[in-house]
Amino acid sequence: MAHQHHHHGHGHGHGDGSDLAEILLLDAEVTAAHLAVFTGRIAELAGDTAVHRVVDLGSGTGTGAFALLRRFPGAVVTAVDTDEGMLRHLTESAARHGVADRIRPVHADADAGWPETGEADLVWASSSMHHMNDPDRVLADVHATLRPGGLLAMIEMESMPRFLPDDIGIGASGLEARCHALADAAKAEHLPHMGSDWPARLRAAGFTVLDSRDLVVDLAPPLPAPAVRYAVATLKRFRAGLAERLPAEDRETLDTLLAKDEHVLRHLPGLSVHSTRSAWIAARS
Ligand SMILES: C[S@@+](CC[C@H](N)C(=O)[O-])C[C@H]1O[C@@H](n2cnc3c(N)ncnc32)[C@H](O)[C@@H]1O
């Protein structure tokens, strides 16, 4: 993902984009229970006010959109994404689940200005705000789009999920920690807003933060099949993204893990999932 061009740099249905779509679909399975609790909290905070007009900003394959359609039976979701491949995925899933009439895909770049969404009761932005070139401007647009008292639900990941024990029995110990250090350095350059003080930015944009929580996914071995696939897809993407930057020995270890349909990784004792995201619900005051 090239600097300032990250929103054009992946997707369109092949290579990197399909991998990301696959990861997002598996992520949806791994986080489903947490999202159900979180959307339940949104419903509590909305109280008696209707949640009909929803915008999913940076919808990806629609994890949030579908969770919200389930939670709010009267809602229609406008799903905004720069990536047409993602929107195609989402539209196909919507048709499969019989909710095509409740999803409106909008191909747009939120960095270029707010798309034509109309007034909204709820805006959802999950792992998308840190992709924006100017999140503060986008938050101001979200504020302007919400009706008075409308809600913004935002989820941000501070770091990538972890899967490997420190000593995996092949190569030098600490492989995953070294991968993360390299990925964090790349992120500091390309995604400078990741891990920033979002509550402060929300308040500066005129929101009142009503709810703050961590969504913690902690799956111990033996992992269910989707969690294994999630680990495999994420580590493959890591291997591809970090390629030349990884020390040779770590590259070899990762290749051993991923060889022959990821046989070694899939059967690795101690394969687990640890992922923490921060989530906020804020009101337009
Ligand atoms: C990490 S994915 C998260 C997808 C989804 N919200 C989820 O939680 O599974 C980030 C998404 O934001 C989209 N995105 C990135 N920059 C964007 C922009 N400037 N405008 C609209 N969408 C954007 C990407 O194409 C991608 O689908």
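Basis of the calculations
- Residues numbered from 1 in each chain as written.
- Predicted model: local features only at pLDDT ≥ 70, side-chain atom pairs only at ≥ 80, totals over all residues.
- Heavy atoms only, no water.
- Helix = DSSP H or I, 4+ residues; strand = E, 2+ residues; numbered from the N terminus.
- Rg over C-alpha atoms; globule rule 2.2 N^0.38 Å.
- Buried < 20%, exposed > 50% of the residue type's maximum accessible area, 1.4 Å probe, protein only.
- Contact = heavy atoms within 4.5 Å.
- Areas by Shrake-Rupley, 256 points an atom, 1.4 Å probe, with all protein chains shown as cover.
- Lys, Arg positive; Asp, Glu negative; His and termini not counted.
- Charge placed at Lys NZ, Arg CZ, Asp CG, Glu CD.
- Phe/Tyr/Trp six-rings, centres within 6.5 Å; stacked < 30°, edge-to-face > 60°.
- Lys NZ or Arg CZ within 6 Å of the ring centre and 35° of its normal.
- UniProt positions renumbered as here; feature names shortened; annotations may be inferred.
- Salt bridge = Lys/Arg side-chain N within 4 Å of Asp/Glu carboxyl O.
- Expected span 1.5 Å × (residues − 1).
- Arc of directions from axis to C-beta.
- 1 Å grid on protein atoms, 1.4 Å probe; cavity = no way out; pocket = protein on both sides within 12 Å on 5 of 7 lines; lining within 4 Å.
- Points joined across faces, edges and corners; volume = space filled by probe spheres on them.
- Polar contact = N/O pair within 3.5 Å; in protein donor to acceptor, adjacent residues only side chain to side chain.

The chain is annotated in an unreviewed UniProt entry as Class I SAM-dependent methyltransferase from Actinoplanes flavus.

**A closer look at the overall build of the chain**
Each helix and strand in the chain was counted, giving eight helices and seven strands. Taking 19 Å as the expected radius of gyration for a compact globule of 285 residues, we find that the chain reaches 19 Å, a close match to that expectation. Dimensions of the chain along its principal axes, counting C-alpha atoms only, are 55 × 35 × 35 Å. Sorting the 285 residues of the chain into buried and exposed places 49% on the buried side. Sequence-distant contacts in the chain: of pairs separated by 6 or more residues, those separated by 24 or more amount to 80%. Just so you have it, the chain exposes about 12,600 Å², and 55% of that area is on carbon and sulfur atoms. Distance from the positive charge centre (26 side chains) to the negative charge centre (39 side chains) of the chain: 3 Å.

**Quick word on the packing of aromatic side chains**
Scanning all chains against the criterion turns up two aromatic pairs. On the numbers, 5.8 Å between centres and 55° between planes, the contact of Phe38 with Trp124 is tilted. Highlighted residues: Phe38 in helix 1 (residues 15–46) and Trp124 in strand 4 (residues 120–126), separated in sequence by 86 residues. Of the two residues examined, Phe38 and Trp124, each falls in the buried class. The ring of Trp198 carries Arg201 above its face, with NZ or CZ at 5.2 Å from the centroid.

**Focus: the UniProt feature "domain: Methyltransferase" (unreviewed entry) in the chain**
According to UniProt, the feature "domain: Methyltransferase" (unreviewed entry) maps to residues 54–150 in the numbering used here. Within the segment residues 54–150, helix and strand shares are 34% and 28% respectively, and the terminal C-alpha atoms sit 10 Å apart.

**Things to note about the pattern of salt bridges**
Two side chains bearing opposite charge may form a pair once their charged atoms approach each other closely. Applying the stated criterion to the full structure yields 15 salt bridges. Here Glu119 ties to Arg53 by a salt bridge, and the two come within 3.2 Å at their closest N and O atoms. Of this pair, Glu119 sits in the loop between strand 3 (103–107) and strand 4 while Arg53 sits in strand 1 (residues 53–57), and the two are 66 residues apart along the sequence. Exposure remark for Glu119: the relative accessible area of 42% places this residue in the partly exposed category. Put simply, Asp250 and Arg178 hold a salt bridge, and the shortest N to O gap is 2.6 Å. One end of the pair, Asp250, is in helix 8 (residues 248–266); the other, Arg178, is in helix 5 (residues 175–190), and 72 residues separate them in sequence. With relative accessibility at 28%, the residue Arg178 sits in the partly exposed group. Because the salt bridges share partners, they merge into one network encompassing Arg41, Glu44, Asp211 and Arg213.

**Thoughts on the side chain of Ser59**
With respect to the helices and strands, the residue Ser59 is situated in the loop between strand 1 and helix 2 (63–71). Not counting residues up to four positions away in its chain, the partners in contact with Ser59 are Ala79, Val80, Asp81, Leu87 and Leu90.

**Regarding helix 5**
Under the 1.5 Å per step criterion, the end-to-end length of helix 5 is 23 Å for 16 residues, consistent within 8% with the ideal 22 Å. If you check which residues of helix 5 are buried, you get Leu175, Glu176, Cys179, His180, Ala183, Ala186 and Lys187. What you see down the axis of helix 5 is that its buried residues fit within an arc of 125°, all on one side. Exposed side chains of helix 5 directed beyond 90 degrees from the buried face belong to Ala188 and Glu189. Where helix 5 is buried, its residues meet helix 7 (225–242) and helix 8.

**Considering the layout of surface pockets**
Size it by volume and the second largest pocket reaches roughly 370 Å³. For the second largest pocket, the lining is made up of 20 residues, of which Gly62, Thr63, Phe66, Ala67 and Arg70 are closest to its centre. Of all the secondary structure elements, the ones that give two or more residues to the lining of the second largest pocket are helix 1, helix 2 and helix 3 (84–96). It is helix 1 that provides the largest number of residues to the lining of the second largest pocket, a total of seven residues.

**Notes on helix 3**
Counted at 1.5 Å a residue, the expected span for helix 3 with its 13 residues is 18 Å, and the 18 Å between its end C-alpha atoms agrees. Buried residues of helix 3: Gly85, Met86, Leu87, Leu90, Ser93 and Ala94, and no others. In this structure Asp83 caps helix 3, since a side-chain oxygen of it lies 2.9 Å from the backbone nitrogen of Gly85. Immediately downstream of helix 3, the backbone of Gly98 shows phi near 70°, a positive value.

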